[in-house]
Amino acid sequence: MGPEPPGVTDGVLPLPALLGARISHSDIRELRGPLLVVGGAHGVGWDEFATIDLPGGAHRHGLVLEIDQDLATLQVLEGTDGMSLGGIGIRFDGRPLHVRVGEQWLGRVCNGRGEPLDGGPPIMGAAALPISGWPLNPVFREPPANPVLTGISVIDALMTLVQGQKLPIFSVPGMPHLTLATQIAAQAVSGGESFRVVFAAMGLTHADIAYVRDRLEQRSAGGELALLLNAADDPVIERILTPRIALTVAEHLAYTEGHDVLVVMSDMTSYAEAVREVSAARQEIPARRGYPGYLYSDLATLYERCGRVRGRKGSVTIVPVLTMPAGDITHPVPDLTGYITEGQIVLAPDVAARGIYPPVDVLSSLSRLMRSGAGKGRTREDHLEVAAQVMSALARARQAAELAELVGEAALSDTDRSYLSYRTSVEAGLFAQDPDEARSLDDTLGRAWAALAVLPDQELAMLPAAFLKRYLPQRSDRT
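Residues numbered from 1 in each chain as written. Predicted model: local features only at pLDDT ≥ 70, side-chain atom pairs only at ≥ 80, totals over all residues. Heavy atoms only, no water.

**Q** Looking at this model, I keep getting lost on the overall build of the chain. Mind explaining?
**A** The secondary structure content of the chain amounts to 14 helices and 22 strands. The C-alpha radius of gyration of the chain comes to 25 Å, within 12% of the 23 Å expected for a compact globule of 479 residues. Seen through its C-alpha atoms, the chain measures out along the principal axes to roughly 85 × 45 × 40 Å. By residue count, 56% of the 479 residues in the chain fall in the buried class. When contacts within the chain are restricted to residue pairs at least 6 apart in sequence, those whose partners lie at least 24 apart make up 72%. Carbon and sulfur atoms form 52% of the exposed surface of the chain, whose accessible area is close to 19600 Å². Computing the positive centroid from 42 side-chain charges and the negative centroid from 57, the chain places the two 5 Å apart. (Helix = DSSP H or I, 4+ residues; strand = E, 2+ residues; numbered from the N terminus. Rg over C-alpha atoms; globule rule 2.2 N^0.38 Å. Buried < 20%, exposed > 50% of the residue type's maximum accessible area, 1.4 Å probe, protein only. Contact = heavy atoms within 4.5 Å. Areas by Shrake-Rupley, 256 points an atom, 1.4 Å probe, with all protein chains shown as cover. Lys, Arg positive; Asp, Glu negative; His and termini not counted. Charge placed at Lys NZ, Arg CZ, Asp CG, Glu CD.)

**Q** I would appreciate a short explanation of the nonpolar core in the present structure.
**A** Generally speaking, nonpolar side chains in soluble globular proteins are found buried as a group. With 129 residues, the main nonpolar core has F199 and Y422 as its most contacted residues. Those residues in contact with F199 that sit more than four places away from it in its chain are L178, A181, T182, A185, V212, L216, A226, L227, L228 and V264. Of all hydrophobic cores here, the second largest spans 16 residues; its members include L36, I52, L74 and I90. (Core = buried A, V, L, I, M, F, W, Y, C linked by side-chain atoms within 4.5 Å.)

**Q** What should I look at first to understand the packing of helix α11 (residues 383-407) against helix α13 (residues 441-452) in this one?
**A** Between two packed helices, both the angle of their axes relative to each other and the distance between the axes serve to describe the pair. For the pair α11 and α13, the least separation of the axes is 10 Å and the interaxial angle reads 40°. Here α13 runs oblique to α11, going by the angle between their axes. Crossing of α11 over α13 shows left-handed handedness. The residues of α13 that touch α11, namely those facing H383, V386, Q389 and V390, are L441, L445, A448, W449 and L452. Each residue belonging to the contact of α11 with α13 can be placed in one class, and the counts come to seven nonpolar, two polar and no charged. (Axes fitted to C-alpha atoms, helices over the stretch in contact; angles between N-to-C directions. Parallel < 35°, antiparallel > 145°, perpendicular 65-115°, else oblique. Left-handed = near helix turned anticlockwise from the far one by under 90°. Nonpolar A, V, L, I, M, F, W, Y, C, P; charged D, E, K, R; others polar.)

**Q** I tried to follow the environment of G82 on my own but got confused; where do I start?
**A** When you line up the elements, G82 lands in the loop between β6 (71-76) and β7 (89-96). Residues G82 and G102, 20 residues apart in the sequence, show an inter-C-alpha distance of 35 Å.

**Q** Any chance you could explain the sheet that holds strand β13 (residues 161-162) here in plain terms?
**A** The pairing of strands in a sheet comes from backbone hydrogen bonds and takes either a parallel or an antiparallel form. A sheet is described by the order of its strands in space; here three strands give the open sequence β13-β12-β15, paired in antiparallel fashion. Unpaired on one side and paired on the other, β13 and β15 (189-190) mark the two borders of the sheet. Examined bridge by bridge, strand β12 (residues 147-149) and β15 share two bridges and lie antiparallel to one another. Residue L149 lies in a different strand from β15, and its bridge partner there is V189. (Pairing = 2+ DSSP bridges.)

**Q** Is there a simple way to explain the packing of aromatic side chains in this structure?
**A** For any pair of aromatic rings, the description rests on two quantities: the centre-to-centre distance and the angle between the ring planes. For the structure on display, the rule yields two aromatic pairs. Both rings, one in F467 and one in Y471, keep their centres 6.1 Å apart while their planes meet at 65°; by these two values the pair is edge-to-face. In this pair, F467 and Y471 are both assigned in helix α14 (residues 465-471), four residues apart and thus about one turn of the helix distant. The class for F467 is buried, based on a relative accessible area of 11%. Among the aromatic residues, those joined into a cluster by ring pairs are W449, F467 and Y471. Lying over the aromatic face of Y291, R276 brings its terminal NZ or CZ to 4.3 Å of the ring centre. (Phe/Tyr/Trp six-rings, centres within 6.5 Å; stacked < 30°, edge-to-face > 60°. Lys NZ or Arg CZ within 6 Å of the ring centre and 35° of its normal.)

**Q** Any chance you could explain the pattern of salt bridges here in plain terms?
**A** It is possible for side chains of opposite charge to pair when their charged atoms get near one another. Across all of its chains, the model carries 29 salt bridges by this definition. With a closest N to O distance of 3.0 Å, R396 and D416 form a salt bridge. Taken together, the residues R396 in helix α11 and D416 in helix α12 (residues 414-431) connect sequence positions 20 residues apart. Residue classification places R396 among the partly exposed positions, given a relative accessible area of 29%. For D416, a relative accessible area of 12% gives the class buried. Between E437 and R439 there is a salt bridge whose closest N-O contact spans 2.9 Å. Looking at E437, the relative accessible area reads 21%, which means it is partly exposed. In this structure, a network of salt bridges that share partners links the residues E78, R113, E115 and E238. (Salt bridge = Lys/Arg side-chain N within 4 Å of Asp/Glu carboxyl O.)

**Q** Can you help me understand the sheet that holds strand β1 (residues 24-25) in this one?
**A** Pairing is antiparallel in the open sheet, where seven strands are placed in the order β1-β7-β4-β5-β6-β3-β2. The open sheet has two edge strands with one neighbour each: β1 and β2 (28-32). Note: β2 against strand β3 (residues 35-38), four bridges, orientation antiparallel. Directly across from I28, in β3, lies its bridge partner V38.

**Q** Would you take a moment to explain α12 for this structure?
**A** Across its 18 residues, α12 extends 24 Å between first and last C-alpha, which sits within 8% of the 26 Å expected from 1.5 Å per residue. Those residues of α12 that fall on the buried side of the exposure criterion are D416, S418, Y419, L420, Y422, V426, E427, L430 and F431. Contact partners of the buried residues in α12: α1 (153-158), α11 and α13. (Expected span 1.5 Å × (residues − 1).)

**Q** Would you mind going over unusual backbone geometry with me for this structure?
**A** The residue after S266, namely D267, is reached through a cis peptide bond having omega 15°. Mapping D267 onto the fold places it in the loop between β18 (260-266) and α6 (268-281). Each neighbour pair has its own omega, and for Y357 with P358 the value is -5°, a cis peptide bond. Position of P358 relative to the elements: it lies in the loop between α9 (349-353) and β22 (366-367). A positive phi angle, near 70°, is found at D47, a position not held by glycine. Phi is positive for N146, close to 70°, though the residue is something other than glycine. As for its placement among the helices and strands, N146 is situated in the loop between β11 (141-142) and β12. Judged by relative accessible area, which is 33%, N146 ranks as partly exposed.

Below, the structure is given as structure tokens:
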């Protein structure tokens, strides 16, 4: 790579479309929150990137949000604090925001705009791509297939993540969703030729950022992970860019470099709140709970950037993490996310109160594409049947527990009491594990069989006799 063109401050922000001189617009009409309105902007397009020259030689950057005749409204990425109407010049690039892409991202730690935080040089990839990505023609999509194993038993056994899938984690403030997200990013593996992870953090505290960096240090040092960290006190506009940059990096790693890529994004509720704040600054008419009416399509432009492409080796799998305010699953962010994605992993406070980590509400969680990535030839021949039996027995155990609260456990039948024992066994043996514990799939399925062994044989009606003979632990007192 040669030296950077004049005016480029780092290797991540876009290069000018034309490297020659650009017209500087100085007719600044208004500063409103994170927005700047400039006049005389003829020929400027929506989503165009701009450099903002401040008195004294400092620079900021902006994106065009709206065009009204010769008026252009920009969102200033670094915020408008300290800016005044006089002495500002705007230079438009003639194209949207681009980011440098390539394997140089692996092993790097950057902020939400892609600027290095690890003391290393700017990232200078071989190509620059627009962060908004390109629509993927559905004709060229391949169905998701083959598992992404997280090393977390409750997920791998009962709601298997599949290459090319989008599977969100629904949580509640105060729950260990960030711990779970980092554990997935640190442990996940796939059966492809190479596997890479991109972790995008949005609106985290500095303590949480330090935790994420420490937890993912080993995978990052191994050149398998790229980390983008947006702090809660960073400009809110940066939060809107962070997932888009992460997905652009992931798409190039997948569809050009041929890697299977997992993108973990936490917290999408912080992202949606940033979208709401910008919408309010633009004085748009709000919809549900103050969010803009286009929130659904905005989220879809992120979630739908995953999948497998015909004729390409790589894949992009997305695990977005979002917190449900007050635990309300009908809140616009989880509600709209549920319409776009293919299942959900729900974390529940009552499960956490029983000392179980990860506190997954199993009966409220599912992976709609699990059958595409589990079973004979993909995981293990007994996987799907065991998962179905574990879920069925857990639903029956919940009914038995509710009945026991009404009439007392002593009044239950022997079968119902065996289901109560089963729930204790499956929660302690299969669901609960340490935050830094990675389990193999054979270990996970072995734990599932051990929990099912608590039940009488006649209750295991969903399991073929051949599987019972091969995998069910034998006990002398079984009935």
